[in-house]
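Single-letter residue listing:
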Amino acid sequence: MIDLSTDCGGIKSLNPFWLASAPPTNSAYQVCKAFEQGWGGAVWKTIGEPVMNVCNRYGGYDYNGQKLIGINNIELISDRPIEKNLKEISETKRLFPNNAVIVSLMVESKKETWHEIVKRTIDTGCDGIELNYGCPHGMSERGMGSAVGQVPEYCKMITEWVTEVSTIPVLVKLTPNVSDIIYPARAAKAAKADGISLINTINSIIGIDLDTFQIMPSVAGKSGHGGYAGAAVKPIALHLVSQVARDKEVNLPISAIGGITNWKDAVEFILLGASSVQVCTAVMHYGFRIVKDMIEGLTNWMEEKGFSSIEDFRGKSLPQLDDFGNFNLLHKTVARIDQKKCIHCNLCYIACEDGAHQCIDLIPVNGHNKTVVRESECVGCSLCSLVCPVEECISMVSVDEKSESKSWNELMNEYKNENKPLTWDSLAEFQHKHGIEIH
Amino acid sequence: MKNLAPKLSLKEYENNFAELHPPFTPLTAKAEAERCLYCYDSPCTKSCPTHIDIPAFIKKISTDNLLGSAKTILDSNWVALTCAKACPVEVLCEGACVYNDKGEKPIEIGRLQRYAMDNYFRNSSPNIFTFSKKKNKSVGIIGSGPAGLACSAELTLLGYDVIIYEANKIPGGLNTWGIAPYKTRRQDSLKEIKLIKSLGVKIKTGIKVGETVSVEDIIKKHDAVFLGVGLGKSSELEIPGEELKGVYNAINFIEKVKSENWNSVKVGKRVAIIGAGNTSIDAATEAKRLGAEQVYIIYRRDTSQMSAYDFEFLLAKKDEILFYFNSAPKKIVGKKYVEGIECIKTKLISKGLKDKPKLTVIPKSEFIIPVDMVIKAIGQKSHNNFLNSIKELKMRDGKVVVNKKNYQTGNAKVFAGGDCINGGKEVVNAAYDGKMAAHGIDEYLSN
């Protein structure tokens, strides 16, 4: 029996799939509909300070025929009054006692104001609180959102105001618009937060209209940066989640956000340590219904891999994360082309020739070109296998002869012990000894 | 004709002759262009007789650089709109697309080329060409079909004064007069002619070289001459009854259809086409689309021997054309009008393994198909008399012999290309010949 239930910093949910605090969680109507379709939890769209929105609010990034691989927005926190939101939150929680309802908060930086909103929020019966320190547009100009997340001291101070009165779990949602995400994460930890949510949206300008020169989205001729999200940001989110997950000082449950559009994305974040995942853009594009595939796909995958709970594989990939200096310099792979599968598009050739290390030859055979890798010169960069449009046509094959291993750090230690300076010549000596030739 | 097919309404005609491959919309064109893998040293380019840089022009569609896309196409092919619509892409570029090897649908190269060219002509054909310095030499071109047009355009860019002599009232050769209307319309060809004229090419229509003026005069008048005269009269069946009313040749029939005055083209209720080449298919499907109740294609050999492309055969079958294979016409039956065609069954007989099988008639296997119209489509002869009148020009198997490198004939001043040198191929082959001959002429005149 596969159990998808999770516990993220004390917030329990039926499955790891939560809706992120965003337009899809703007109202009880939406959140109830989402729960009916299977979403395990929802972070209510941030409530707090009075705001007014503008139009347009979104800009889309399309690539090669695919609509909306990225989206940016200048929408603010909920523009519905606090009372109305709190009432709907408590109704929703009453109707769906088994789903996680988390309320995202953002108010001005005053202790009393925070104390008040936290208490009122707890009264709704919700399962947790998420502190929005991430919103990078509009709210930050008013000293909230990412203006807090970017300064670890503010982050700690406000989180303490919340945790000192909260009786329910508190997650801190971080902005990626910082030079090192670890510091605000540690600040949250120091202030006794129960978990970290990340990432919020990334500062961005989505594009410019070439006919009108107008930056998009345009608000009556004016524009500004917005928060970038969607599939395109996933690699950045994966990295930042891994940073927080690896940090021994932080050591907090993580609710991962950033470009999650299907169960596979979710699995990747869980493998890096996330306890729950939050989705927004994919739902804005296709609706709540996508959760059905997410649940089914995850369940099938777990069954196939022999996992019965999320904890069975959570963080499973984290131990691989290491510094470049500890990577084995002597590991060698080369590209091998399956000639039977090759369709002769020659994209591997031109990529290697112009963009890499010139080690694929084009040999005319029967009116087409045969692409042949000069293995002795292949540096194993894998570019050719990445551009190849045919599945499993180019594979990167390990050609390690011995089980020898030497990392840069080990090598530098040897140099240090032998009192040998690091020069191009001394390095060439090492390379030569191990049959490595740089062309 | 004894029984004419009933006339159709204008709407019915237009429906019947509607384009087989409708144009892309901007969104669908981009989606298809983005599907292109942008192969390097691509098989599609190699298989295009004019070697258009196909991945480059498709990439430009995907980046909204439509003018650049048209420029890439026109750099290689002067009659690119016609080719986009009339080329047998299944056996050329699209047949070579790497997606075929992947087991997926090839890129619709023809339709994408048409998209780029349509856009170019819609935007009143901006001048995107680079002209060499005027050379003060002139070249006379006989025939304004695709070979002559391509040659004239290229020579003009190279700095030559070019005059095309065209026997017909409307120029364009087969592009204007021969391609089935569900592939291209006359207007498409005229757009290309207008573009080529805008470069400075002069076209004199109604000039029958050999009749109106002598070929010697043309050769004397110009520094060089290009022959793009295509093929001549249709071959005869040489069977009794060929003089009956209701017997036509395919070229004339197709020319009439090409006028797009559907109403005025007489077509029988039941029509027999003799021959199974691509022209036969055109004549058959056109007769059917004009309202003929039943159209037959009669061919003395079997499917494996017919020269029509597979996709043309399929089209004919879709149009409910009935095929009589291994049936040789023996006699056209009728008093004054065609009433039927008498055929005799044939088979291939080989005497031994080494012996090439011979087509033999089966005695007493005659049968009559009642028809009102017979269209002969068994090939065309070359303009033998005319071509033989040119001094030093050599002919072989009815084709003008040229040096493959520069398209020069036995007469150093005379060059040739297109159907008159290959016996009848595609528009795209003629377009390539014409262009390459222009460079041959340039080299000849520069020395």
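Worth saying up front: this structure is predicted, and the values here are computed from it rather than measured. (Residues numbered from 1 in each chain as written. Chains lettered and ligands numbered in written order. Predicted model: local features only at pLDDT ≥ 70, side-chain atom pairs only at ≥ 80, totals over all residues.)

### Structural notes on the overall build of chain B
For step 1, the next point in the chain: If you tally the helices and strands in chain B, you get 19 helices and 16 strands.
For step 2, the next point in the chain: Here the C-alpha atoms of chain B give a radius of gyration of 23 Å, agreeing with the 22 Å that 2.2 N^0.38 yields for 447 residues.
For step 3, the next point in the chain: C-alpha atoms of chain B, sized along the principal axes, occupy 70 × 55 × 55 Å.
For step 4, the next point in the chain: Out of the 447 residues belonging to chain B, those deemed buried represent 50%.
For step 5, the next point in the chain: Pairs at least 24 apart in sequence give 72% of the contacts found in chain B among residues at least 6 apart. (Helix = DSSP H or I, 4+ residues; strand = E, 2+ residues; numbered from the N terminus. Rg over C-alpha atoms; globule rule 2.2 N^0.38 Å. Buried ≥ 20, exposed ≤ 12 C-beta atoms within 10 Å, placed from the backbone. Contact = placed C-beta atoms within 7 Å.)

### A short note on the interface of chain A and chain B
Interfaces are often sized by the amount of accessible area the parts lose when they come together.
For step 1, the next point in the chain: Facing 14 residues of chain A, the contacting portion of chain B comprises eleven residues.
For step 2, the next point in the chain: Of all elements in the fold, only helix 11 (347-355) and strand 19 (368-373) of chain A reach the threshold of two or more residues within the side of chain A that touches chain B.
For step 3, the next point in the chain: At three residues, helix 11 of chain A tops the list of elements feeding residues into the side of chain A that touches chain B.
For step 4, the next point in the chain: Along the lines of polarity and charge, the residues of the side of chain A that touches chain B split into eight nonpolar, six polar and no charged. (Nonpolar A, V, L, I, M, F, W, Y, C, P; charged D, E, K, R; others polar.)

### Considering the domain arrangement of chain A
For step 1, the next point in the chain: The domain architecture assigned to chain A consists of domain 1 (6-319) and domain 2 (322-439).
For step 2, the next point in the chain: Relative placement of domain 1 of chain A and domain 2 of chain A: their C-alpha centres are 40 Å apart. (Domains from an automatic or database assignment.)

### A few points about the packing of helix 15 (residues 278-289) of chain B against helix 16 (residues 310-318) of chain B
All names here are of chain B.
For step 1, the next point in the chain: It is the contact of helix 15 with helix 16, at a shortest axis distance of 10 Å, that shows an interaxial angle of 20 degrees. One element, helix 15, and the other, helix 16, form an angle in the roughly parallel class. As for the relative orientation of helix 15 and helix 16, their crossing is left-handed in sense. Seen from helix 15, the contacting residues are N278, I281, A284 and T285; seen from helix 16, they are E312, L315 and A316.
For step 2, the next point in the chain: When its residues are assigned to classes, the contact of helix 15 with helix 16 shows four nonpolar, two polar and one charged. (Axes fitted to C-alpha atoms, helices over the stretch in contact; angles between N-to-C directions. Parallel < 35°, antiparallel > 145°, perpendicular 65-115°, else oblique. Left-handed = near helix turned anticlockwise from the far one by under 90°.)

### Concerning the pairing of strand 15 (residues 254-257) of chain A
Residues and elements named next belong to chain A.
For step 1, the next point in the chain: Of the two faces of strand 15, the one lined by I254 and A256 and the one lined by S255 and I257 are each fully buried.
For step 2, the next point in the chain: In the sheet, strand 10 (residues 195-198) pairs with strand 15 via three bridges, with the strands oriented parallel. Looking at strand 15, one finds that S197 is bridged to S255.
For step 3, the next point in the chain: Sheet analysis places strand 15 next to strand 16 (residues 274-279), joined by four bridges and oriented parallel. Note that in strand 16 the partner of S255 across the bridge is S276.
For step 4, the next point in the chain: This β-α-β element, strand 15 to helix 8 (residues 263-271) to strand 16, shows right-handed connectivity. (Pairing = 2+ DSSP bridges. Right-handed = clockwise from strand over helix to strand, strands pointing away.)

### Quick notes on the sheet that holds strand 2 (residues 161-166) of chain B
Residues and elements named next belong to chain B.
For step 1, the next point in the chain: Strand order in the open sheet formed by five strands is 3-2-1-4-16, with parallel pairing between adjacent strands. Unpaired on one side and paired on the other, strand 3 (202-205) and strand 16 (414-416) mark the two borders of the sheet. Strand-to-strand twist in this sheet, taken as the mean axis angle between neighbours without regard to direction, amounts to 20 degrees.
For step 2, the next point in the chain: For strand 2 and strand 3, the ladder comprises four bridges, and the chain directions are parallel. In the sheet register, Y165 faces strand 3, and the bridge partner there is K204.
For step 3, the next point in the chain: Together, strand 1 (138-142), strand 2 and strand 4 (224-227) form the strand contacts of helix 10 (residues 146-157), whose direction differs from that of strand 2 by roughly 165 degrees.

### Observations concerning helix 10 of chain B
Residue and element names in this part refer to chain B.
For step 1, the next point in the chain: An ideal rise of 1.5 Å per residue puts 16 Å on twelve residues; helix 10 measures up with 17 Å between its terminal C-alpha atoms.
For step 2, the next point in the chain: Along helix 10, eleven of the twelve residues are buried, which leaves the element largely enclosed by surrounding structure.
For step 3, the next point in the chain: Every buried residue of helix 10 is listed here: P146, A147, G148, L149, A150, C151, S152, A153, E154, L155 and T156.
For step 4, the next point in the chain: Elements that come into contact with the buried residues of helix 10 comprise strand 1, strand 2, helix 11 (174-177), helix 12 (186-198), strand 4 and helix 19 (427-446). (Expected span 1.5 Å × (residues − 1).)

### Here's the deal with unusual backbone geometry
For step 1, the next point in the chain: A cis geometry characterises the amide bond from C55 of chain A onward to N56 of chain A, with omega recorded as 0 degrees.
For step 2, the next point in the chain: Mapping N56 of chain A onto the fold places it in the loop between strand 4 (41-48) and strand 5 (58-63).
For step 3, the next point in the chain: Cis peptide bonds are those with omega within 30 degrees of zero, and the linkage from L198 of chain A to I199 of chain A qualifies with 10 degrees.
For step 4, the next point in the chain: Locating I199 of chain A in the fold gives a position in the loop between strand 10 and strand 11 (202-204).
For step 5, the next point in the chain: One non-glycine residue, F213 of chain A, lies in the positive phi region at around 65 degrees.
For step 6, the next point in the chain: Position of F213 of chain A among the secondary structure elements: in the loop between strand 12 (207-208) and strand 13 (215-216).
For step 7, the next point in the chain: In this model, Y38 of chain B sits at a positive phi of 60 degrees, which is unusual for a non-glycine residue.
For step 8, the next point in the chain: By the element assignment, Y38 of chain B lies in the loop between helix 2 (26-35) and helix 3 (43-47).

### Side note on the sheet that holds strand 11 of chain A
All names here are of chain A.
For step 1, the next point in the chain: Strand order in the open sheet made by the four strands is 5-6-14-11, with antiparallel pairing throughout. Sheet topology places strand 5 and strand 11 at the edges, where each strand pairs with a single neighbour. Across the sheet, the axes of successive neighbouring strands diverge by a mean angle of 45 degrees, strand direction being ignored.
For step 2, the next point in the chain: Pairing geometry for strand 6 (residues 66-73) and strand 14 (residues 226-229), over three bridges, is antiparallel. Within strand 14, the position partnered with N72 by the bridge is Y228.

### Quick notes on the domain arrangement of chain B
All names here are of chain B.
For step 1, the next point in the chain: Domain assignment breaks chain B into domain 1 (22-122), domain 2 (138-232 + 381-446) and domain 3 (247-376).
For step 2, the next point in the chain: Distance between the C-alpha centres of domain 2 and domain 3: 31 Å.
For step 3, the next point in the chain: Taken together, the six residues of domain 2 in the interface contact eight residues of domain 3.
For step 4, the next point in the chain: Per-class residue counts for the side of domain 2 that touches domain 3 are three nonpolar, one polar and two charged.

### What to know about the nonpolar core
For step 1, the next point in the chain: Core analysis: the largest hydrophobic core is formed by 104 residues, its most contacted members being A116, F226 and A416 of chain B.
For step 2, the next point in the chain: Ranked by the residues each element gives to this core, the list is headed by helix 19 of chain B, at nine residues.
For step 3, the next point in the chain: Those residues in contact with A116 of chain B, other than ones at most four positions away along the chain, are F57, I61, L66, S69, A70 and I73 of chain B.
For step 4, the next point in the chain: Membership of the second largest hydrophobic core comes to 89 residues, among which are V148, V170, Y228 and V244 of chain A. (Core = buried A, V, L, I, M, F, W, Y, C linked by C-beta atoms within 7 Å.)

### Side note on the environment of I341 of chain B
All names here are of chain B.
For step 1, the next point in the chain: Positionally, I341 belongs in strand 10 (residues 340-349).
For step 2, the next point in the chain: With 318 residues separating them along the chain, I341 and P23 place their C-alpha atoms 41 Å apart.
For step 3, the next point in the chain: Setting aside residues up to four positions removed in sequence, I341 forms contacts with A272, I298, P329, I332, V333, I368, I369, V371 and V374.

### Quick word on the packing of helix 10 of chain B against helix 12 of chain B
All names here are of chain B.
For step 1, the next point in the chain: Closest axis-to-axis distance for the helix 10/helix 12 pair is 9 Å, and the angle between their directions is 25 degrees. Regarding the angle of helix 10 to helix 12, the classification is roughly parallel. Handedness of the crossing formed by helix 10 with helix 12: left-handed. For the pair helix 10 and helix 12, the contacting residues are L149, S152 and A153 in the first and E192, I193 and I196 in the second.
For step 2, the next point in the chain: By residue class, the composition of the contact of helix 10 with helix 12 is four nonpolar, one polar and one charged.

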